[in-house]
Amino acid sequence: MGTPEFPDLGKHCSVEDCKQIDFLPFTCDRCHLVYCLEHRSYIKHHCPNADKKDVTVVICPLCAKGVRLIPDEDPNINWETHVNTECDPSNYDKVTKKKKCPVPGCREVLTFSNTIKCRDCTIDHCLKHRFGPDHKCPGPKKPESSFPFMGLLSRSRKEESKPSRVPATSSSRWATSFLNAASTVRASAEASMTKLSSELSKKWQIARDGVGLSSSSSSSSSGSAGQVEECPQCRVKFSSVTALVEHVEKVHGRNNHSRVFKMSIDVCPKCSKGFRDPVALVEHVERDHGGTSKA
């Protein structure tokens, strides 16, 4: 076999009925024997190890998943292992039922290449109905009102109108606390104005009465001379009521009014109309501007 130059060149076929010498023999990767060109396949030389490296996959009728059968092992054992561990019947509908276009009358199956998601309604459609007029798109969702108190006040009003008491949510609690704070600011501003006006009127009355009493009797004038008047705003002391009244008018008269109004006035961002009460501003925006504060 071979030539003097290449004594190992060529081998005989391992098939008993063939034994043909082949200079380019084939070695089977399963039984590791040498065969000629005609008997190189598993079927031709009846290879006993042909199915040892085969991969067999069975589709489960319950979950539509592939079950791999291990060679040299009972298929029933592989099947029981799959059913007891990873079989999920709810996956059957996901695999077998194909997603279709939601347009009435359209039977197009949505795949990777023909699926378009609408930017407005965010629903998948086929290529034929990808435009809004074709699938009667309702349009983008309307954003919530940008005015910060609108939704909270409406929710709090609805909850108050209900006969049964429901536990208040965080938003309703925040709206209630805001309304209470606004009412407190308004009440404190009105109280300070009333207190200031009443004190001024009292001081004026005392000043007018004190001047007459001091000129009529010396005993009362000696008693009033020792009395000290104190400013209710800055705690500055004065020897007479007249000086105290002049001090309040000059120093605290305009400052108090301007400070109170700065604290309580809120301006509408739409029409620049001022409101002392924040609740009145909210009702104005709902009534006159349709519930939006955008300019």
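These numbers were taken from a predicted model, which means no experiment stands behind them.

Draft legend 1. A look at the overall build of the protein chain. Summing up its helical and strand segments, the protein chain has seven helices and twelve strands in all. Within the protein chain, the fraction of its 295 residues that count as buried is 24%. Contacts spanning at least 24 positions in sequence make up 26% of the contacts within the protein chain whose residues lie at least 6 apart. Taken as a whole, the protein chain presents about 21600 Å² of accessible surface, with 56% of it coming from carbon and sulfur.

Draft legend 2. Quick peek at the state of the cysteines. Per the counting criterion, the structure on display carries zero disulfides. Of all cysteine sulfurs in the structure, the one in Cys 36 sits closest to Cys 13, which takes part in no disulfide; the separation is 3.7 Å. Residue classification places Cys 13 among the buried positions, given a relative accessible area of 2%.

Draft legend 3. Representation of the environment of Ile 70 in the model. In this structure, Ile 70 sits in the loop between strand S6 (66–69) and helix H1 (75–85). For the pair Ile 70 and Lys 52, spaced 18 residues apart in sequence, the C-alpha separation works out to 9.3 Å.

Draft legend 4. Examining the packing of aromatic side chains more closely. Applying the stated criterion across every chain, the model contains zero aromatic pairs. Between Arg 40 and the ring centre of Phe 26, over which it is positioned, the NZ or CZ distance is 5.8 Å.

Draft legend 5. Spotlight on a negative patch on the surface. There is a patch of like negative charges on the surface, built from Asp 51, Asp 54, Asp 72, Glu 73, Asp 74 and Glu 80. Mapped onto the fold, Glu 80 is located in helix H1. On the basis of relative accessible area, Glu 80 is assigned to the exposed category, the value being 51%.

Draft legend 6. The confidence of the model for the protein chain, seen in detail. When pLDDT is averaged along the protein chain, the result is 75, and 72% of the positions lie at 70 or above. Across the protein chain, element-level confidence peaks in strand S4 (residues 34–35) with a mean pLDDT of 94 and bottoms out in helix H5 (residues 218–225) with 44. Every residue in residues 211–225 scores below 50 in pLDDT, and together they form three contacts with partners more than four places removed in sequence or on other chains.

Draft legend 7. Main features of helix H7 (residues 278–288). Among the residues making up H7, those that are buried are Pro 278, Leu 281, Val 282, His 284 and Val 285. Looking straight down H7, one finds that the buried residues subtend no more than 160 degrees of arc, so they occupy a single side. Just beyond H7, the residue with positive phi is Gly 290, at close to 70 degrees.

Draft legend 8. Highlighting the pattern of salt bridges. Throughout the structure, instances matching the rule amount to three salt bridges. Between Asp 29 and Arg 30 there is a salt bridge, and its shortest N-O distance comes to 4.0 Å. Judged by its relative accessible area of 43%, Asp 29 falls in the partly exposed class. Its relative accessible area of 14% is what places Arg 30 among the buried residues. Across the pair Arg 287 and Asp 288 runs a salt bridge, and its minimum N-O distance is 3.5 Å. Residue Arg 287 is classed as exposed on the basis of its relative accessible area of 59%.

Draft legend 9. Structural detail: the nonpolar core. If you look at the biggest cluster of nonpolar residues, it comprises eight residues: Cys 13, Val 15, Cys 28, Cys 31, Tyr 35, Cys 36, Cys 47 and Ala 50. With residues up to four places along the chain from it excluded, the contact list for Val 15 reads Tyr 35, His 39 and His 45.

Draft legend 10. Quick look at unusual backbone geometry. The phi angle at His 46 is positive, at roughly 50 degrees, despite the residue not being glycine. Inspection of the secondary structure assignment puts His 46 in the loop between S4 and strand S5 (56–59). What makes His 46 exposed here is its relative accessible area of 66%. With a phi close to 60 degrees, Ala 64 is a non-glycine residue in the positive phi region. Accessibility expressed as a relative area gives 19% for Ala 64, which makes it buried.

Draft legend 11. Local environment of the environment of Val 285. In this structure, Val 285 sits in helix H7. Put simply, Val 285 and Cys 271 are 14 residues apart on the chain and 9.5 Å apart in space, counted from C-alpha to C-alpha.

Draft legend 12. Summary view of the side chain of Asp 22. Turning to its location among the elements, Asp 22 is positioned in strand S2 (residues 21–22). Engagement of the side chain of Asp 22 in a polar contact is seen with the backbone nitrogen of Leu 37, the distance being 3.4 Å. If sequence neighbours within four positions are ignored, Asp 22 has contacts with Gly 10, Lys 11, Cys 36 and Leu 37.

Draft legend 13. How the structure looks around the environment of Asn 114. Residue placement: Asn 114 occurs in the loop between helix H2 (91–96) and strand S7 (116–117). On the basis of relative accessibility, which here comes to 11%, the residue Asn 114 falls in the buried class. A sequence separation of 13 residues divides Asn 114 from Leu 127, and the C-alpha atoms of the two residues are 5.7 Å apart. If sequence neighbours within four positions are ignored, Asn 114 has contacts with Glu 108, Val 109, His 125, Cys 126 and Leu 127. At 3.2 Å, the side chain of Asn 114 and the side chain of Glu 108 are in polar contact.

Conventions used here
- Residues numbered from 1 in each chain as written.
- Predicted model: local features only at pLDDT ≥ 70, side-chain atom pairs only at ≥ 80, totals over all residues.
- Heavy atoms only, no water.
- Helix = DSSP H or I, 4+ residues; strand = E, 2+ residues; numbered from the N terminus.
- Buried < 20%, exposed > 50% of the residue type's maximum accessible area, 1.4 Å probe, protein only.
- Contact = heavy atoms within 4.5 Å.
- Areas by Shrake-Rupley, 256 points an atom, 1.4 Å probe, with all protein chains shown as cover.
- Disulfide = S-S within 2.5 Å.
- Phe/Tyr/Trp six-rings, centres within 6.5 Å; stacked < 30°, edge-to-face > 60°.
- Lys NZ or Arg CZ within 6 Å of the ring centre and 35° of its normal.
- Patch = residues over 30% accessible without salt bridge, like charges linked within 9 Å, V, L, I, M, F, W, Y side chains within 5 Å.
- Salt bridge = Lys/Arg side-chain N within 4 Å of Asp/Glu carboxyl O.
- Lys, Arg positive; Asp, Glu negative; His and termini not counted.
- Charge placed at Lys NZ, Arg CZ, Asp CG, Glu CD.
- pLDDT = per-residue confidence, 0-100.
- Arc of directions from axis to C-beta.
- Core = buried A, V, L, I, M, F, W, Y, C linked by side-chain atoms within 4.5 Å.
- Polar contact = N/O pair within 3.5 Å; in protein donor to acceptor, adjacent residues only side chain to side chain.

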